[in-house]
Amino acid sequence: MKCRKCGEKASVHMRQHKLALCKAHYLEWVPEQTERFIKKYQMFTPDEKILVAVSGGKDSLGLWDILVRLGYQADGLYLGLGIDGGINYSHESQRLSEKFAAQNNLTLHIVDIEKEYGQPIPVLAEISHRGHGKPCAVCGLTKRHEMNRIARDLGYAVLATGHNLDDEAAVLFGNTLNWSSEYLLRQGPVLLESDGLARKVKPLCRFYEREMTAYCVARGIEYIYEECPFAEGSKSIYYKELLNQLETTRPGAKLTFYLRFLEARKSGELFIEKDMVRAHLHPCEKCGQPTSATGLCSFCRTMEKVSSVAAS
Ligand code: Q46
Ligand code: ZN
Ligand code: ZN
């Protein structure tokens, strides 16, 4: 297979685009495409400050690298979750995030959940009895809360995450199986700012996971290969496997599934947005972030529970 641009030996072949590229042209193509998506979905402009949620994995480090190469003002945020899982997961992912920031002279904000809230995520989950023995519910809640808090406190207009097409297609698949219209309405490359929350964007949402791996390898970015140990056996991994089977026989199926959804939603074929009753949001009495609950938001309620158990 030859590179479409220069005729040299191709190193990456993207069957869904019927496109093969050599390493040098692939490293140009990825940022060009990202820039195209940023503009198409009106994610942000060069004068907006972007906070990239960095986990030490290929997607978030790849995203940070691409945004900086494109000339955007992008700083990183690493959340220390305190997850070990026998592989020193948090420690290793923090080390690689810090290494990337130092090598590229970038600003990385670090929030250590244990220092901030007294316990690492697995213990917070255990004490609060949320999530049926898995820390993911408390972890997700905490990550969202902390990302919003840091973005607001440090004045970032936009919060960027490294979700790729495989992630987005798996979420879409799950939401479609359940016909979760509320979630389907909110899923997309951009979630606009509201009630003091920063805009959330996913600039990599049209790249396959393996394309991000190829990008990081070609760029020489060192990233953590292991997934969080608690991700094992999750529904999203199962959905990804199903979609990969589909993709093997029908190259491009994942991309079509996601893009057609975005088109259908935009054209109003799927849901009539104005008919959806939006929950009334007001600021949490403790942290000020918007919530539909009365009094405290679910993060603050969880933390109150943790401190009352710890005090008893
Ligand atoms: S939610 Fe669950 Fe992830 Fe948190 S505990 Fe690990 S797997 S990191 S995306
Ligand atoms: Zn080439
Ligand atoms: Zn709160």
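Above: the structure in question.
Let me sum up the structure you'll find in this document. These numbers come from a predicted model, not from an experiment.

## Some words on the environment of Gly76
Tracing the sequence through the fold places Gly76 in strand β4 (residues 73-80). Considering only alpha carbons, one finds Gly76 and Ile50, 26 residues apart in sequence, at a separation of 8.4 Å. Setting aside anything within four residues of it in sequence, one finds Gly76 in contact with Leu51, Val52, Val54, Trp64, Thr107, Leu108 and His109.

## Notes on the coordination of the zinc ion (ligand 3)
Coordination of the zinc ion (ligand 3) by the protein comes from Cys284 (SG), Cys287 (SG), Cys297 (SG) and Cys300 (SG), over a distance range of 2.3 to 2.4 Å. Relative to the metal, the four donor atoms surrounding the zinc ion (ligand 3) lie at angles of 105 to 114°, and the coordination shape comes out tetrahedral. On the primary sequence, the residues serving as donors to the zinc ion (ligand 3) are separated as C-x2-C-x9-C-x2-C. On the accessibility criterion, Cys300 (5% relative accessible area) is buried.

## Observations regarding the coordination of the zinc ion (ligand 2)
Donor atoms from the polypeptide that bind the zinc ion (ligand 2) are Cys3 (SG), Cys6 (SG), Cys22 (SG) and His25 (ND1), placed at 2.1 to 2.3 Å. For the zinc ion (ligand 2), the four donor atoms in the first shell make angles of 100 to 114° at the metal, so the coordination geometry reads as tetrahedral. Each donor residue of the zinc ion (ligand 2) lies on the same chain, and together they follow the pattern C-x2-C-x15-C-x2-H. Separated by 19 residues along the polypeptide, Cys3 in the segment before β1 (12-14) and Cys22 in the loop between β2 (19-21) and α1 (23-40) bring together distant segments of the chain. On the basis of relative accessible area, Cys22 is assigned to the buried category, the value being 9%.

## Quick look at the side chain of Glu146
Along the polypeptide, Glu146 turns up in helix α6 (residues 136-153). Not counting chain neighbours up to four residues away, the residues in contact with Glu146 comprise Leu77, Leu79, Val111, Ile113, Glu116, Tyr117 and Phe299.

## Let's talk about the sheet that holds strand β6 (residues 158-160)
Ordered in space as β5-β4-β3-β6-β8-β7, the six strands form an open sheet in which the pairing is mixed. What marks the edges here is a single partner per strand, and that holds for β5 (108-112) and β7 (190-191). Judged from the six bridges that link them, strand β3 (residues 49-54) and β4 form a sheet pairing that is parallel. When the sheet's bridge partners are listed, Lys49 is paired in β4 with Gln73. Packing of helix α2 (residues 58-69) onto the sheet brings it into contact with β3, β4, β5 and β6, and relative to β3 it is tilted by some 155°. α6 contacts β3, β4, β5, β6 and β8 (199-201) of the sheet and is inclined by roughly 140° relative to β4.

## Topic: the nonpolar core
Residues Tyr26, Phe44, Ile50, Trp64 and Leu67 are the most contacted members of the largest nonpolar core, which totals 53 residues. The element that contributes the greatest number of residues to this core is α1, accounting for six residues. Setting aside chain neighbours within four positions, we find Phe44 in contact with Ile38, Ile50, Leu67, Tyr72, Val158, Arg199, Val201 and Pro203.

## Quick word on the pairing of β4
By the criterion of burial, β4 is predominantly enclosed, with seven of the eight residues buried. Running through α2, the crossover from β3 to the neighbouring parallel element β4 is right-handed. Here β4 pairs with β5 via five bridges, running parallel. Residue pairing across strands places Gly76 opposite Leu108, the latter belonging to β5.

## Some points on the packing of aromatic side chains
Considering all chains together, one arrives at ten aromatic pairs under this definition. Note on Trp64 and Phe100: the rings are 5.6 Å apart at their centroids and 45° apart in plane angle, and the pair reads as tilted. Taken together, the residues span a long stretch of sequence, with Trp64 in helix α2 and Phe100 in helix α3 (residues 89-103) at a distance of 36 residues. Of the two residues, Trp64 and Phe100, neither departs from the other in class, the shared state being buried. When the ring of Phe173 is compared with that of Tyr239, the centres are 5.3 Å apart and the planes differ by 85°; the resulting orientation is edge-to-face. Here Phe173, found in helix α7 (residues 165-177), pairs with Tyr239, found in helix α10 (residues 235-249); they are 66 residues apart in sequence, far enough to count as distant. Using a relative accessible area of 22% as the deciding quantity, one classes Phe173 as partly exposed.

## Side note on the pattern of salt bridges
Scanning the model with the defined rule gives 16 salt bridges in all. Of the charged contacts in the structure, one is a salt bridge between Asp65 and Arg219, with a shortest N-O distance of 2.8 Å. A residue pair is termed long-range when its members are at least 10 positions apart, and Asp65 in helix α2 and Arg219 in helix α9 (residues 209-219) qualify at 154 residues. On the basis of relative accessible area, Asp65 is assigned to the buried category, the value being 4%. The class of Arg219 is partly exposed, set by a relative accessible area of 35%. Put simply, Lys202 and Glu168 hold a salt bridge, and the shortest N to O gap is 3.1 Å. Taken as a pair, Lys202 in the loop between β8 and α9 and Glu168 in helix α7 lie far apart in primary sequence, 34 residues in all.

Thresholds, definitions, all that
Residues numbered from 1 in each chain as written. Chains lettered and ligands numbered in written order. Predicted model: local features only at pLDDT ≥ 70, side-chain atom pairs only at ≥ 80, totals over all residues. Heavy atoms only, no water. Helix = DSSP H or I, 4+ residues; strand = E, 2+ residues; numbered from the N terminus. Contact = heavy atoms within 4.5 Å. Donors = N, O, S within 2.8 Å, 3.2 Å for Na, K, Ca; no water. Tetrahedral: all angles 85-135°; square planar, octahedral: opposite > 155°, others 65-115°. Buried < 20%, exposed > 50% of the residue type's maximum accessible area, 1.4 Å probe, protein only. Pairing = 2+ DSSP bridges. Axes fitted to C-alpha atoms, helices over the stretch in contact; angles between N-to-C directions. Core = buried A, V, L, I, M, F, W, Y, C linked by side-chain atoms within 4.5 Å. Right-handed = clockwise from strand over helix to strand, strands pointing away. Phe/Tyr/Trp six-rings, centres within 6.5 Å; stacked < 30°, edge-to-face > 60°. Salt bridge = Lys/Arg side-chain N within 4 Å of Asp/Glu carboxyl O.

In short, geometric facts, not functional conclusions.
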